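Single-letter residue listing:
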4 protein chains.
Amino acid sequence: MSELRSRIGGELAPAMRRFGSSVDLDRRLVDEDIAGSMAHATMLGETGILSPDAAAALVGGLKEIREEWRDGTFSPGDDFEDIHMAVEARLVEKVGPVGGALHTARSRNDQIATDLRLWMRNKLEEMDSAVTALMEAILTRVDGDGHILIPGFTHLQRGQPILLGHHLLAHIWALSRDRERLGGARSRVDACPLGSCAMAGTSFPVDRDRTATLLGFGSVMENAMDAASARDHVIETVSALAILAIHLSCMAEELVLWSSSEFGLVELDGSYASSSSIMPQKRNPDAAELVRGHSGRSTGALMGLVVLLKGLPLAYNRDLQEDRFHLYTAVDSTLICLEVLRGVYATLGIRADRYEETLVGDPSLATELADHLVSKGLPFRDAHDRVARLVARLDADGRGLDDLSPNELSTLDSDLGRAELTVLLDPREATNRKRSRGGTAPEEISRQVGLLRETLKGKTGNPE
Amino acid sequence: MSELRSRIGGELAPAMRRFGSSVDLDRRLVDEDIAGSMAHATMLGETGILSPDAAAALVGGLKEIREEWRDGTFSPGDDFEDIHMAVEARLVEKVGPVGGALHTARSRNDQIATDLRLWMRNKLEEMDSAVTALMEAILTRVDGDGHILIPGFTHLQRGQPILLGHHLLAHIWALSRDRERLGGARSRVDACPLGSCAMAGTSFPVDRDRTATLLGFGSVMENAMDAASARDHVIETVSALAILAIHLSCMAEELVLWSSSEFGLVELDGSYASSSSIMPQKRNPDAAELVRGHSGRSTGALMGLVVLLKGLPLAYNRDLQEDRFHLYTAVDSTLICLEVLRGVYATLGIRADRYEETLVGDPSLATELADHLVSKGLPFRDAHDRVARLVARLDADGRGLDDLSPNELSTLDSDLGRAELTVLLDPREATNRKRSRGGTAPEEISRQVGLLRETLKGKTGNPE
Amino acid sequence: MSELRSRIGGELAPAMRRFGSSVDLDRRLVDEDIAGSMAHATMLGETGILSPDAAAALVGGLKEIREEWRDGTFSPGDDFEDIHMAVEARLVEKVGPVGGALHTARSRNDQIATDLRLWMRNKLEEMDSAVTALMEAILTRVDGDGHILIPGFTHLQRGQPILLGHHLLAHIWALSRDRERLGGARSRVDACPLGSCAMAGTSFPVDRDRTATLLGFGSVMENAMDAASARDHVIETVSALAILAIHLSCMAEELVLWSSSEFGLVELDGSYASSSSIMPQKRNPDAAELVRGHSGRSTGALMGLVVLLKGLPLAYNRDLQEDRFHLYTAVDSTLICLEVLRGVYATLGIRADRYEETLVGDPSLATELADHLVSKGLPFRDAHDRVARLVARLDADGRGLDDLSPNELSTLDSDLGRAELTVLLDPREATNRKRSRGGTAPEEISRQVGLLRETLKGKTGNPE
Amino acid sequence: MSELRSRIGGELAPAMRRFGSSVDLDRRLVDEDIAGSMAHATMLGETGILSPDAAAALVGGLKEIREEWRDGTFSPGDDFEDIHMAVEARLVEKVGPVGGALHTARSRNDQIATDLRLWMRNKLEEMDSAVTALMEAILTRVDGDGHILIPGFTHLQRGQPILLGHHLLAHIWALSRDRERLGGARSRVDACPLGSCAMAGTSFPVDRDRTATLLGFGSVMENAMDAASARDHVIETVSALAILAIHLSCMAEELVLWSSSEFGLVELDGSYASSSSIMPQKRNPDAAELVRGHSGRSTGALMGLVVLLKGLPLAYNRDLQEDRFHLYTAVDSTLICLEVLRGVYATLGIRADRYEETLVGDPSLATELADHLVSKGLPFRDAHDRVARLVARLDADGRGLDDLSPNELSTLDSDLGRAELTVLLDPREATNRKRSRGGTAPEEISRQVGLLRETLKGKTGNPE
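Residues numbered from 1 in each chain as written. Chains lettered and ligands numbered in written order. Predicted model: local features only at pLDDT ≥ 70, side-chain atom pairs only at ≥ 80, totals over all residues. Heavy atoms only, no water.

Describing the overall build of chain A
Along the backbone of chain A there are 18 helices and six strands. For a compact globule of 464 residues, the expected C-alpha radius of gyration is about 23 Å, and chain A comes in at 30 Å, more than 25% above that figure. With the C-alpha coordinates aligned to their principal axes, the bounding extent of chain A is approximately 100 × 50 × 40 Å. Counting only residues that meet the buried cut, chain A has 71% of its 464 residues in that class. Considering only residue pairs separated by 6 or more positions, chain A has 75% of its internal contacts joining residues 24 or more positions apart. Here chain A displays about 13,100 Å² of accessible surface, and carbon together with sulfur accounts for 50% of that area. The distance from the centre of the 52 positive side-chain charges to the centre of the 70 negative ones in chain A is 1 Å. (Helix = DSSP H or I, 4+ residues; strand = E, 2+ residues; numbered from the N terminus. Rg over C-alpha atoms; globule rule 2.2 N^0.38 Å. Buried < 20%, exposed > 50% of the residue type's maximum accessible area, 1.4 Å probe, protein only. Contact = heavy atoms within 4.5 Å. Areas by Shrake-Rupley, 256 points an atom, 1.4 Å probe, with all protein chains shown as cover. Lys, Arg positive; Asp, Glu negative; His and termini not counted. Charge placed at Lys NZ, Arg CZ, Asp CG, Glu CD.)

Quick notes on the relation of the copies chain D and chain C
Of the transformation superimposing chain D on chain C, the axial component is 0.0 Å and the angular component is 180 degrees, with the fit at an RMSD of 0.0 Å. Both chain copies can therefore be described as sitting about a two-fold axis. When the interface residues of chain D are mapped onto chain C, 100% of them are again interface residues, pointing to one common binding face. (Least-squares fit on C-alpha atoms with pLDDT ≥ 70 in both.)

Comments concerning the interface of chain A and chain D
Many descriptions give the size of an interface as the accessible area lost when the pieces come together. The interface is formed by 63 residues belonging to chain A together with 63 residues belonging to chain D. Roughly 5,400 Å² is buried in total at the junction of chain A and chain D, and carbon and sulfur atoms are behind 62% of that figure. In terms of surface lost to chain D, no three residues of chain A exceed Phe19(A), Ser277(A) and Leu290(A), which account for 13% of the buried area on that side. Viewed at the interface, chain D and chain A are joined by eight salt bridges. A salt bridge links Asp319(A) to Arg292(D), with the nearest nitrogen and oxygen atoms 2.6 Å apart. At the boundary of chain A and chain D, one finds 14 residue pairs in polar contact (both at pLDDT 80 or more). (Buried area = accessible area lost by both parts, 1.4 Å probe. Salt bridge = Lys/Arg side-chain N within 4 Å of Asp/Glu carboxyl O. Polar contact = N/O pair within 3.5 Å; in protein donor to acceptor, adjacent residues only side chain to side chain.)

As for the packing of aromatic side chains
For the structure shown, the criterion picks out 10 aromatic pairs over all chains. Between Arg28(D) and the ring centre of Tyr328(D), over which it is positioned, the NZ or CZ distance is 4.5 Å. When the ring centre of Phe325(A) is taken as origin, the NZ or CZ atom of Arg297(D), which lies over that ring, is 3.7 Å away. (Phe/Tyr/Trp six-rings, centres within 6.5 Å; stacked < 30°, edge-to-face > 60°. Lys NZ or Arg CZ within 6 Å of the ring centre and 35° of its normal.)

Some points on the relation of the copies chain A and chain D
Both copies of the chain are related by a screw-like operation: a rotation about an axis and a shift along it. Mapping chain A onto chain D leaves a residual RMSD of 0.0 Å; the transformation is a rotation of 180 degrees accompanied by 0.0 Å of translation along its axis. Take the interface residues of chain A: 100% of them recur as interface residues in chain D, which is what a same-surface contact looks like.

Remarks on the domain arrangement of chain A
All names here are of chain A. Along its sequence, chain A is carved into domain 1 (14-104), domain 2 (120-148 + 162-210 + 226-350) and domain 3 (363-455). Once you take the C-alpha centre of each, domain 1 and domain 2 turn out to be 32 Å apart. Buried surface at the junction of domain 1 and domain 2, summed over both partners, amounts to about 1,300 Å²; 56% is from carbon and sulfur atoms. Linking domain 1 to domain 2 there are three salt bridges. (Domains from an automatic or database assignment.)

Quick look at the pairing of strand β1 (residues 149-154) of chain A
Residue and element names in this part refer to chain A. Counting buried positions over the six residues of β1 gives six, a clear majority of the element. In the sheet, β1 pairs with strand β2 (residues 157-163) via six bridges, with the strands oriented antiparallel. Bridging across to β2, Ile-150 finds its partner in Ile-162. (Pairing = 2+ DSSP bridges.)

Remarks on unusual backbone geometry
Here the residue pair Leu314(C) and Ala315(C) is connected by a cis peptide bond, since its omega of -5 degrees sits within 30 degrees of zero. Non-glycine residue Ala105(D) carries a positive phi angle of around 55 degrees.

Quick notes on the interface of chain D and chain C
Every contact between the two is made by 105 residues of chain D and, on the other side, 105 residues of chain C. Taken together, the two surfaces of chain D and chain C that pack against each other cover about 8,700 Å², and 59% of this comes from carbon and sulfur. Broken down residue by residue, the surface that chain D buries against chain C is led by Glu222(D), Arg381(D) and Arg437(D), which jointly contribute 10%. For the pair chain D and chain C, the number of links is 18 salt bridges. Glu236(C) is the partner of Arg181(D) in a salt bridge, and the nearest nitrogen-oxygen pair spans 2.9 Å. The element best represented in the side of chain D that touches chain C is helix α10 (residues 232-259) of chain D, accounting for 12 residues. Its residues placed into classes, the side of chain D that touches chain C shows 42 nonpolar, 32 polar and 31 charged. (Nonpolar A, V, L, I, M, F, W, Y, C, P; charged D, E, K, R; others polar.)

So, in structure tokens, the structure goes:
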């Protein structure tokens, strides 16, 4: 590092050394950094900016350092300002002064931007697989348990009977949009900044297309200043993860609710639950609670990034080093949440009979009566009103819908027989009737499962 | 409203009436609400769910209400729970009890979801135009003033001389990615939830494809529960606006900086500046400061939405009504900021000569010397080090790079003549040399301008 | 306004006029602005900076404007940059050129800072009353329904039987800390910036203590630059409101949960509930859901303020105008939430018998058994383990704790008789035994009620 | 852990083990956890809940574990669910089955709440010292460099000449309010939850006052449910840190600005600056940029906490484990920022003469002229207007205020002589005249320094 500080002289204050070193943050980028340097050195040789020998020496040395890194014999410490300088120093140790030629036509600004994009590209692929795996785990439950009858809730009140598959599919569709968003972020990530140098470009005849190709980038950032300092792809990625985290918090909230004695619909497998240190009977849905709580990480990271970037003028400012702190927090949290939640769904105990009988005659079938009256020609608003008054009266008497007296029945609809009423108020029949596109009827569930399986065959969720 | 409350009875508490009414929020959705209802009524007639006469009556009544709304004779008040009920009530006044048939096979849950998507679609188009207009305004300045020489800053320190066009283009590229993100959001917005009813679908044989087509939607939401309660497209949209706001805050920060006496590069036109109530000499860059400050609105709205949606179980919960508060805040703030900033750039006074002479011999040309030494065969790190020591010595003596003594010059590079040095240290020459792809050389600026004009011809920024 | 723009000339662009005018934001501050000006004019007269006649004319004119404002005949429009200029212009209309002397030794920077602090002081008092009123409403429910037996939940699993009063008191204690935080914010708000002028103080011999006293401030801001630009008291206030909103969201969440058929513990009064437009049987806990959703407003406002203020250099920047947007959002939202929630608790239907029998023999009494074994000399961990295994076995058999066979009973504790077991497993007895300080026993509930009533007698919650 | 899982059976899934273990988070709480356990065991012995021998064994064993922890021979791993269980397990190894008696009349809920409060109390004291140290470092600069003449900025435009001391004091006063807020948070932290057990209290005759006293707490949490689950003191603390971070970001922004060539007022010492990897002349104000960027950490943590806690019902939920992630982030970031910034101020190079001559005749003296006219009897608004027009004319001619022609001078004020004008436009004289309370005059700076030194003598900044 002393080389870099020859303009300034002296040493960093100890607190500043700890504060300023990004080695801790960037240790995760060593592989990407070496890959970027290898591509850069290759291009420097190909374009004649460096001699073929020099380029070969650099590439060879970098390969060795990569091996050392992977087998643990090279480990950059906090005595370096960042991993770029640590790698370069190791390279000079290995290949001599020519190692110092690696940084020709490059700056740490475009270098770190490249490293980070390579890392993000990998992680976004990993993320896509993890989201897909969760979708598949839930789809499997739809296959096996989708027919279970439950109340559909709105306002956490029982609204209408539905099938569990209908409910679970809502989550899967939300996840499929998360995949699209992650795909959109990836398309912005997938542009190569290498060769932009500090922000002005360079006088050396670099071939930026070549390095982009060598690194597998889909495109090249068109403006050097933008390339070296843009971080909107980081906020966008973390924003997509925050939205995903909100979706996961919704699933988690439901699992917690459904695990309560009161709902009693599901039980987390012991491998995802815990007991209490004091109350011996407890089986707590810890995995779901932790996933719900982790929503604070990705959303906090999002806000941290927003605050970080607000009001910064162009171009590179040292503040940008902090982008990784927030990005890593969001990526790590999301990946573990996805994995855990997948396990939770895969092993979830579901009490298939919890609601089967409870829903017979339940007030949540009132819509069936109202819709029936509409089919007899009553305007919906009148039908709704008439049934609402009836329900209020029954409720006051502690009676259910199936306790209608013959008199009440004939007042409602003189043609409606008891047998017909029974069918009308059968919750399974009610779900079977909801055959509108996207409705809870079994055939609609099957149709959606088919569509989703089709989507999941594709490599990514993004049509872009 | 009394009709809806027949199950509950009684009146709302006055505070609750104020608190719960969404009329204030939804007044902006009346047009969309009527459009949605007209499509729904049309479909009800076409499918035979309602008689042709009934459907025609509904459509006719709705058309009249739309006229009344537009000419101000219909104005829903807080005595209605929401605008849906206000419109329905007016419809019943107009066409009689059959008005109550409008709500057949529909719920307020899918209705409001539809209204909001229609509104968002329009606003996202308006937003795309506004971003495009800002991009064009800046491009015009690149055309006219792009050749002006300024320091390129990193860490707010002078890094290397660049052209103003290079700098301004960085902002335009960022905006072009904002357009892409807004386009991505639009693709998620553009799916029709109408006909999903409360969350279970319906027993009526609705034709959801038909209403989607009538309303111009690109697709149909596939799951009724998801359709009625998903709000990730709202967070995604506000998130895209928040990222855009961060970009605008960056431009605004720079304008404030550059307007200071110390930078002295630009002066906001009087139509965007203000004076002080106490200091008569002041010309404050108010427009830029306010744009910078407005970044708090979109980002606060983003956070508000995240908090709103965290931990909500499926499906519709009344909390969701709050989505509009945050969405409107972000949309309104962004549109006015885009318009004002466009005006600021269009009228900005730029002092073309501010840096022209100042940069001659400026330390920010040190990289030129280092690169020169590299071209003579020195490894970059050594060249960097050697020049850095030289700069430190000159700085201590209060000398500039062009004050190099013959001795110092020959120590640096014995072949380097004074004339060659002068060219090397000429800031314009330095920018001309940065011809790498994306560099600050004039031809690279022209190339980018061409690319961007091509993009702006397309209707949207999104390749999706 | 033309006067102020004599340095700049020309007119504001129309978009900028809309964008920059704070009249809309500041209309809420007119009373405070006039009060501040009257105090300032009085002091200018007393110190001889203005003649007694001039001061009297200013004060007299301001009094009239205050009347006009209150009866609606004075209404500043968007053609003024802000309300200060509108009031001054009206004053000049009334008293002639001497009106222009009002702004002697004052700047809009210290003026708006003063106005805002006066407004905040009033609102913080109103807030304290509203929090107190909510505390009292819940305390009244503790008095009347505190004895109702419910499960105490952790992880939303039944933990141990408790009394409803114990649970409700937890919320009241949280609110009492909110009062303390609001009191802390008020102590920072209660310092007068008037007379600091733009940021440097003034050459006029102003008496800042006098204006502070006239306006009832507790202290004087000691540094003019700090006085004119500090906004930490605004973030602090909104932060206290955001924490309060989180507490309210917790109460609201519970009310929603408890209103579900599954929990079935409470029913929101019809005056705070709504029905569904499609499902006639619904009684939705709307008030609670909206309060929960409103947590997004105060927390979004907090985030907005943080983003607004991040990275602003000293001193006044126009960005600061935006502080009010966020402050108003948080204050308005909190006040209506407090009022509505108070009404909800005051009218809440509680099913006193919901859990009375359900909890007999409930696994949530397992801790009683374990504690009993400890009292017989077993280390707690062993007791816990032994009871946990027993519960697991009973659970597998579908038996309750009171279904223990004689054999199981004697294995557990050979001295434990059936009668003693019955007492041990009686949920009421269990709550009676929790007499530790802060426990759920009735006497502890009474003790806390006494303490809290004592606190509520004091004017503020803050011991500062 | 197997003991705790006897109800559930089986093992945790590997991903869940990693996800759920809080050992990593809680390793920082081991000292506090042992201290809490020792106080608890002591009390259990004193009250006779345990025998004196048993209590002594527990305390003795805990002391040994504390030694092992401190010398590194005890290190809880991820195979434990949390550190509480790890410590208990080690205790049982040491003292046999009686170790299992430690958890009598205690739950992990009140235990972790106690640990965290102990840790926060310590950190809040450390924080108070660190804020104080920064205040003292800046005060020292006021002493030494407070007399330096600089422009006072508003809108980043030169407003009026001030002394550097006046400006720096504004930051110190802001920090003094931060100390007050931290003190307020500490008063809420300083209440003991130990003995509340899971949330219901306990049947054992615990003496909660005794444990509170042993642990040095100022008070006892009055409600067991509140005690075990309240986290508002955590948000409050992080909120106070976020506001502090905003203040630090303001100082940092200024240091970055002032370090630019354009402002050229300060230069960060080499021990807090860095150079560029490519531009050899750079001296980047890295420390200031990183402090500015770190504002994203505390504010992100604040938002993370808000999201975490929103909508959680009472009482303990596993989500709460996440509180520490955010709290640690904010505390660690703030402490290092305070330390670094203190070093930056202590070593800052200030160019005392930067503005001394530049400000002579600067337009920022226009207020002096206007105030002079007021002293001659002109209403301020007229004086302001007259001077503004004059400045506009001079500006157009490229003249300064001291270039007034005799004619212009006499038009302005026929009595004003050239000599008097020179004094009026002398920037030092202008600052000397600002003797109003809090003004920039040297005696006001001295007065404030005296006040602040008095405050800093007190142990805390909080008058509570």
